[in-house]
Amino acid sequence: MNTFEEGLLLGVLIGEGHFGGDGKQPQVTLRMHTRHRKLFETMLRLCPGSKLYGPYEHGGRSYFQWMARGQVLRETLLPLLDRLPLREIDEHVYERYADMKVRYGL
């Protein structure tokens, strides 16, 4: 991944991502309108092993859901996110990320 791609990936996750899990395993989730399909394809390319689900229709909204868990989360995303000064960038994102790491022993 080049510097631009890292910045794009991290910017999208900081702005739109959800850091949590399903109770058994941690995951980073991104849910956006279907018009962002090319962005999701880029996310899949940048994070081999991540998954794209949908399109879904709910409440008059059409969206995709991208998820990163398991190996791609641990080996690709965590090292990138850990290098960021997340606390200084966005306190809420930092708290969600830190909580996910504690809750799932990352």
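Structure: above.
For clarity, every value in this text was computed on a predicted model and none was experimentally measured. (Residues numbered from 1 in each chain as written. Predicted model: local features only at pLDDT ≥ 70, side-chain atom pairs only at ≥ 80, totals over all residues. Heavy atoms only, no water.)

**Topic: the overall build of the protein chain**
Part 1 of the argument: Helices and strands together make up the secondary structure of the protein chain, namely five helices and four strands.
Part 2 of the argument: Against the globule reference of 13 Å for 106 residues, the protein chain gives a C-alpha radius of gyration of 13 Å, in line with a compact fold.
Part 3 of the argument: Sorting the 106 residues of the protein chain into buried and exposed places 36% on the buried side.
Part 4 of the argument: For the protein chain, restricting intrachain contacts to residue pairs at least 6 apart in sequence, the fraction spanning at least 24 positions comes to 57%.
Part 5 of the argument: Surface accessibility of the protein chain: about 6,200 Å² in total, with carbon and sulfur atoms responsible for 49%.
Part 6 of the argument: Distance from the positive charge centre (15 side chains) to the negative charge centre (13 side chains) of the protein chain: 7 Å. (Helix = DSSP H or I, 4+ residues; strand = E, 2+ residues; numbered from the N terminus. Rg over C-alpha atoms; globule rule 2.2 N^0.38 Å. Buried < 20%, exposed > 50% of the residue type's maximum accessible area, 1.4 Å probe, protein only. Contact = heavy atoms within 4.5 Å. Areas by Shrake-Rupley, 256 points an atom, 1.4 Å probe, with all protein chains shown as cover. Lys, Arg positive; Asp, Glu negative; His and termini not counted. Charge placed at Lys NZ, Arg CZ, Asp CG, Glu CD.)

**Looking at the environment of Thr 34**
Part 1 of the argument: For Thr 34, the position within the fold is in the loop between β2 (26–33) and α2 (37–46).
Part 2 of the argument: Looking at Thr 34, the relative accessible area reads 21%, which means it is partly exposed.
Part 3 of the argument: Sequence separation between Thr 34 and Ser 62 is 28 residues; the distance between their C-alpha atoms is 5.8 Å.
Part 4 of the argument: Look past the residues within four positions of Thr 34 in its chain and what remains in contact with it is Pro 55, Ser 62, Tyr 63 and Phe 64.

**Digging into the pairing of β2**
The two faces of a sheet get side chains in turn, since along a regular strand they alternate between them.
Part 1 of the argument: Taken across its eight residues, β2 has six buried, putting it largely inside the fold.
Part 2 of the argument: The sheet contact formed by strand β1 (residues 17–21) and β2 spans five bridges and is antiparallel. By the bridge assignment, Gly 17 is partnered in β2 with Leu 30.
Part 3 of the argument: Connecting the antiparallel pair β1 and β2 is a turn made up of four residues, with Gly 23 showing a positive phi of about 95 degrees.
Part 4 of the argument: The sheet contact formed by β2 and strand β4 (residues 61–69) spans seven bridges and is antiparallel. Each residue of the ladder has a partner; that of His 33, found in β4, is Tyr 63. (Pairing = 2+ DSSP bridges.)

**A few points about the sheet that holds β2**
As a general point, the strands of a sheet are linked pairwise by backbone hydrogen bonds and lie either parallel or antiparallel.
Part 1 of the argument: Read from one edge of the open sheet, four strands run β1-β2-β4-β3, paired in antiparallel fashion. The strands lining the two open edges of the sheet, one partner per strand, are β1 and β3 (51–58). Sheet twist, expressed as the average angle between the axes of neighbouring strands with direction ignored, equals 30 degrees.
Part 2 of the argument: Where helix α3 (residues 70–83) meets the sheet, its contacts fall on β1, β2 and β4, and the angle it forms with β4 comes to roughly 90 degrees.
Part 3 of the argument: Taken strand by strand, helix α5 (residues 91–103) contacts β1 and β2, and its axis lies near 25 degrees from that of β1. (Axes fitted to C-alpha atoms, helices over the stretch in contact; angles between N-to-C directions.)

**Observations regarding the packing of aromatic side chains**
Part 1 of the argument: Summed over the entire model, instances satisfying the criterion amount to three aromatic pairs.
Part 2 of the argument: The interplanar angle of 75 degrees and the centroid separation of 5.6 Å between the aromatic rings of Phe 19 and Tyr 97 together place this pair among those described as edge-to-face. On the criterion of sequence distance, the pair formed by Phe 19 in strand β1 and Tyr 97 in helix α5 is long-range, its members being 78 residues apart. The exposure classification of Phe 19 matches that of Tyr 97, with both residues buried. (Phe/Tyr/Trp six-rings, centres within 6.5 Å; stacked < 30°, edge-to-face > 60°.)

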